[in-house]
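Reading the structure
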Amino acid sequence: MFFAVITLFPEMFDAITAYGISGRATKRQIAKVTCINPRDFAQGNYKRVDERPFGGGPGMVMMAEPLAKAITHAKALAMQAGCQHAPVVYMSPQGKTLNETAVQQFVHYDGLIVLCGRYEGVDERLIQHYVDQEWSIGDYVLSGGELPAMVLLDSIIRRLPDAMSDEQSHVQDSFVDGLLDCPQYTKPDHFEGLDVPEVLKSGHHANIEKWRFLQRYQRTLERRPELVEHVELSAQQKKWLKDK
């Protein structure tokens, strides 16, 4: 999958391309991440990409023209990479909140152009003409869009085919089927007075599956009760709940 990230701080994305699952995926060319600095498309000796806002007020606003040129360049690179569908996504606290359903939809794209804002944001006209989607990672404000963009890229890349060594690992992640994940344990059996549940050491796969589901359901009910009402349970899961 092709990713073009428009950012004033391309070096920050070493965190994606050099480490962990996403780093391995880029090395194996499962994902390609290209960073584009809008300063390369700015005019003048100082390569300015920001100006004072019309109407006054604090801070600076990213200018439309260099961003538009950067996006146009990104689209050309996406076409060269063979992308048929590479929408422009702006990471913004005003966007829709990113969730697992959205991530799974992004996985089906062959490319994505991600715009990282800074300062007080970007010129609204740039958003109107060039941005296809706005996404947020939560109701709070960060210094820029780079961290949210990295969250977006990591969440997508780890779900790409062959990106993970254990292809079944992400199936049990929180939110995949609407529920949170179950508690996890590893060696040693005893730690500071707490023991690993016996069922997990029993080797009885059906009982383990039942225990994990009940733990996931109860944990979601306690921590995120609003999620439970939207969960579609199988006949077996309904029976486990009835018999618990």
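Residues numbered from 1 in each chain as written. Predicted model: local features only at pLDDT ≥ 70, side-chain atom pairs only at ≥ 80, totals over all residues. Heavy atoms only, no water.

Take the pattern of salt bridges next. Evaluation of the coordinates by the stated rule reveals 10 salt bridges. Across the pair K239 and D243 runs a salt bridge, and its minimum N-O distance is 2.8 Å. Note that K239 and D243 are positioned in helix α9 (residues 235-243) at a spacing of four residues, about one turn of the helix. Several salt bridges converge on common partners, so that one network encompasses D189, E198 and K201. (Salt bridge = Lys/Arg side-chain N within 4 Å of Asp/Glu carboxyl O. Helix = DSSP H or I, 4+ residues; strand = E, 2+ residues; numbered from the N terminus.)

In this section: helix α3 (residues 64-80). Across its 17 residues, α3 extends 24 Å between first and last C-alpha, which sits within 8% of the 24 Å expected from 1.5 Å per residue. Within α3, the full set of buried residues consists of P66, L67, A68, A70, I71, A74 and A78. Contacts from the buried residues of α3 go to β1 (2-6), β2 (32-36), β4 (61-62), β5 (88-97), β6 (111-116) and α5 (124-130). Just past α3, the residue G82 takes up positive phi, approximately 85 degrees. (Expected span 1.5 Å × (residues − 1). Buried < 20%, exposed > 50% of the residue type's maximum accessible area, 1.4 Å probe, protein only. Contact = heavy atoms within 4.5 Å.)

If you trace the five strands from one edge of the open sheet to the other, you get β2-β1-β6-β5-β7, paired in parallel fashion. Two strands bound the open sheet, and with one partner strand each, they are β2 and β7 (133-136). Taken over all neighbouring pairs, the strand axes of this sheet differ in orientation by 35 degrees on average, direction set aside. Here β5 runs beside β7; their pairing, made up of five bridges, is parallel. Following the sheet pairing, V89 is matched in β7 by Q133. This element, helix α6 (residues 146-157), spans β1, β2, β5 and β6 of the sheet and lies at about 160 degrees to β6. (Pairing = 2+ DSSP bridges. Axes fitted to C-alpha atoms, helices over the stretch in contact; angles between N-to-C directions.)

Moving on to the domain arrangement of the protein. Partitioning the protein into structural domains gives domain 1 (1-157) and domain 2 (173-241). For domain 1 versus domain 2, the distance between C-alpha centres works out to 36 Å. (Domains from an automatic or database assignment.)

Let us now look at unusual backbone geometry. For the bond from K187 to P188, the omega torsion is 5 degrees, close enough to zero to count as cis. Inspection of the secondary structure assignment puts P188 in the loop between α6 and β8 (190-191). Positive phi, close to 50 degrees, is recorded for K47, a residue that is not glycine. Structurally, K47 is set in the loop between β2 and β3 (50-51). Judged by its relative accessible area of 37%, K47 is partly exposed.

Looking now at the side chain of S155. Inspection of the secondary structure assignment puts S155 in helix α6. Reaching out from S155, the side chain makes a polar contact with the backbone oxygen of L152 at a distance of 2.7 Å. (Polar contact = N/O pair within 3.5 Å; in protein donor to acceptor, adjacent residues only side chain to side chain.)

Here we take up the UniProt feature "binding site: S-adenosyl-L-methionine" (unreviewed entry) in the protein. As recorded in UniProt, the sites labelled "binding site: S-adenosyl-L-methionine" (unreviewed entry) are G117, I137, G138, D139, Y140, V141 and L142. Among all residues touching I137, those that are not within four sequence positions of it are M91, L98, L142, P148 and V151. With respect to the secondary-structure elements, V141 resides in the loop between β7 and α6. On the accessibility criterion, V141 (70% relative accessible area) is exposed. (UniProt positions renumbered as here; feature names shortened; annotations may be inferred.)

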